[in-house]
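Structural overview for review
The chain contents come next:
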Amino acid sequence: MTMAERNPVVLIHGYSDQAASFKPWKQALIREGYKEEEVHVCEYKSLTNEVTIKDVAEGFDRALRTRHGIHPDKPFDAIVHSTGMLVLRSWLSTYPGRRGRLKRLIALAPATFGSPLAHKGRGFLGAMFKGNRIPGPDFMEAGDLILDGLELGSRFTWDLTHIDVLGQNPDRKPYFGKGPDSPWVFILCGTESYGGLRGLVNEPGTDGTVRWAGCALNTQKITIDLARDGAARRPDDAKRFDSSEIVADSTLPMPVWLIAGRDHTTILSTPEGAALNLVLSALRVKDEDGFTGWQQEAEAATKDTMGSAPQWQQFVVRAVDERRDPISDWYMELFETAPDGTSTRVDFDLNVHAYRADPSLRCFHVNLTDLGGLWPDGNIPPLKVRVIASSGSDLVGYHGLGSERITPDGVKMTRDGVWDAEVSLPETFGDARARLFWPFTTTFLELRLNRDPMPFGEDKNRVCYFV
């Protein structure tokens, strides 16, 4: 690629970091022929409690407009690390005119769907180890609002993903595609965890800070809609399943490619080997054939690493009622169904985190390699999901299609409004492309139930009635 064809490159760091951390990558790009004035390292405030990720995105836009060497409204490429991915996604999603400017998005260990460390970074210990140490009004702050957006299953990442990846926006299409107004996306993450004292925070399936399954953007959403129409209330209504899969012809394949020997820090501090080669190749991609060739190059470069790594998957699940109000107290279990119709609970390790600001949102981390040990022949049996929901009150309760748990005398519903039901899961959803298990990805799942006043006799309910 000639200098005339080359775009400026913007580098964006992560939470609690500084621009200096990107110096090795800037130097590497300069060694490869970029001029110093073509590589721009951005720095932002992340340890101030009043600043959000959206604030940083708008600050980035203002900085971009005034940066010498990046002409306003002209295209540029970006290399982001960790939280920098959320900053750029937020920036990209706010106004339509921005989407045509970003041509290549290269993500190094991105916190695409948050980090398991985010909720640990809040409070005193977070301030002690990650907090702002510069004397002043923000001294010892840890960036509470940014950490809230980074928390697993956060409302911020749920809403953002529906806009930019799932296509629930005014344009009615994902913002990552093959057209001129969409960037090509390249995602890399290390496989190593931290050593020494930092190893105390390690979690399996991570690079020490972000989950492998939480990096990729080839996301799917499955909706299990058990809410019955308020007017009909037909007990024989069929269960409804809807899905919106993002690995489709109209969008990009945006998987994560695992780089051996790198953790969350060293993938930034050591730009060499496969990581450097793939980044340089990504910066040369200019059309669909080039992007396909890069995918093939990445597959060859990471084949051994991807093949030997445990296959983790992440689920972000939200439970809501028919009015889309959150259901805070709910629980799910997975069962396999035998040919004789009996059900057995699927017993496997499951790391669950409830989003603290809204526990209707939960993030599940599943080791599919271990799960595959239950079905060594690769044939997954019919599955059911057991749903338990509670209102915490004897005045109202939850129920759904196929359930007659709310009867006139309240039979089969506990006095505190607890309801449970087993729902059969199809092997595929919607157009048959969406699968329940998909390694190294995050699957969004929305569960919808009815919330109604509890019955009281034949013609009354416990909330409102005529006397």
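Residues numbered from 1 in each chain as written. Predicted model: local features only at pLDDT ≥ 70, side-chain atom pairs only at ≥ 80, totals over all residues. Heavy atoms only, no water.

Examining helix H9 (residues 288-308)
For H9, with 21 residues, the first-to-last C-alpha span of 29 Å sits near the 30 Å given by 1.5 Å per residue. A bend of about 65 degrees at Thr-302 is the largest found in H9. For H9, the full list of buried residues reads Phe-291, Trp-294, Gln-295, Ala-298, Thr-302, Thr-305 and Met-306. Among the structural elements, strand E5 (184-190), strand E8 (256-259) and helix H8 (273-282) are those in contact with the buried residues of H9. The N-cap residue of H9 is Asp-287: its side-chain oxygen and the backbone nitrogen of Asp-289 are 3.3 Å apart. (Helix = DSSP H or I, 4+ residues; strand = E, 2+ residues; numbered from the N terminus. Expected span 1.5 Å × (residues − 1). Bend = angle between axes of the 7 residues up to and from the residue. Buried < 20%, exposed > 50% of the residue type's maximum accessible area, 1.4 Å probe, protein only. Contact = heavy atoms within 4.5 Å. Polar contact = N/O pair within 3.5 Å; in protein donor to acceptor, adjacent residues only side chain to side chain.)

Focus: the side chain of Gln-313
Along the polypeptide, Gln-313 turns up in strand E9 (residues 312-321). At a separation of 2.9 Å, a polar atom in the side chain of Gln-313 contacts the side chain of Thr-443. If near-sequence neighbours (up to four positions away) are discounted, Gln-313 is found in contact with Ala-213, Phe-364, His-365, Val-366, Leu-368, Leu-436, Phe-437, Trp-438, Pro-439, Thr-441 and Thr-443.

Quick word on the packing of aromatic side chains
By the definition in use, this model includes 9 aromatic pairs. Aromatic side chains Trp-158 and Phe-444 sit 5.2 Å apart centroid to centroid with 35 degrees between the ring planes, which places their arrangement in the tilted category. Highlighted residues: Trp-158 in helix H6 (residues 155-164) and Phe-444 in strand E19 (residues 442-453), separated in sequence by 286 residues. When its relative accessible area of 1% is taken as the criterion, Phe-444 is described as buried. Sitting over the ring of Tyr-175, Arg-99 keeps its end group 3.6 Å from the ring centre. (Phe/Tyr/Trp six-rings, centres within 6.5 Å; stacked < 30°, edge-to-face > 60°. Lys NZ or Arg CZ within 6 Å of the ring centre and 35° of its normal.)

Observations regarding the confidence of the model for the protein
Across the protein, the average pLDDT comes to 83, with 82% of residues at or above 70. At the low end of the mean pLDDT range in the protein sits strand E7 (residues 240-245), at 48; at the high end sits E8, at 98. Counting interchain partners and residues more than four positions distant, the pLDDT-below-50 stretch residues 231-239 has 14 contacts. (pLDDT = per-residue confidence, 0-100.)

So, the pattern of salt bridges
Inspection of the entire model under this criterion finds 21 salt bridges. Asp-159 is the partner of Arg-155 in a salt bridge, and the nearest nitrogen-oxygen pair spans 2.8 Å. Of this pair, Arg-155 and Asp-159 both sit in helix H6, separated by 4 residues, roughly a single helical turn. Accessibility expressed as a relative area gives 31% for Asp-159, which makes it partly exposed. The partner of Arg-323 in a salt bridge is Glu-322, with the nearest N and O atoms 3.0 Å apart. Of the residues examined, Arg-323 reaches a relative accessible area of 46% and is grouped as partly exposed. What makes Glu-322 partly exposed here is its relative accessible area of 26%. (Salt bridge = Lys/Arg side-chain N within 4 Å of Asp/Glu carboxyl O.)

Regarding the pairing of strand E6 (residues 220-225)
Of all 6 residues that make up E6, 6 are buried, and the element is covered over most of its length. Here E6 shows no split at all, with Gln-220, Ile-222 and Ile-224 on one side and Lys-221, Thr-223 and Asp-225 on the other all buried. Both E6 and E19 contribute to a ladder of 6 bridges, which runs parallel. Looking at E19, one finds that Lys-221 is bridged to Phe-444. (Pairing = 2+ DSSP bridges.)

Observations regarding the environment of Pro-72
With respect to the helices, strands and loops of the structure, Pro-72 is situated in the loop between helix H2 (53-66) and strand E3 (76-81). Each C-alpha atom, one on Pro-72 and one on Arg-101, is 9.4 Å from the other, the two residues being 29 residues apart in sequence. If we skip the residues at most four places from it in the chain, Pro-72 touches Arg-65 and Arg-101.

So, the packing of helix H3 (residues 84-94) against H6
The contact between H3 and H6 brings their axes to 10 Å, and the two run at 50 degrees. Compared by their axis directions, H3 and H6 come out oblique. Handedness of the H3/H6 crossing: left-handed. Residue-level contacts link Leu-86, Arg-89, Ser-90 and Ser-93 of H3 to Phe-156, Thr-157, Leu-160, Thr-161, Ile-163 and Asp-164 of H6. (Axes fitted to C-alpha atoms, helices over the stretch in contact; angles between N-to-C directions. Parallel < 35°, antiparallel > 145°, perpendicular 65-115°, else oblique. Left-handed = near helix turned anticlockwise from the far one by under 90°.)

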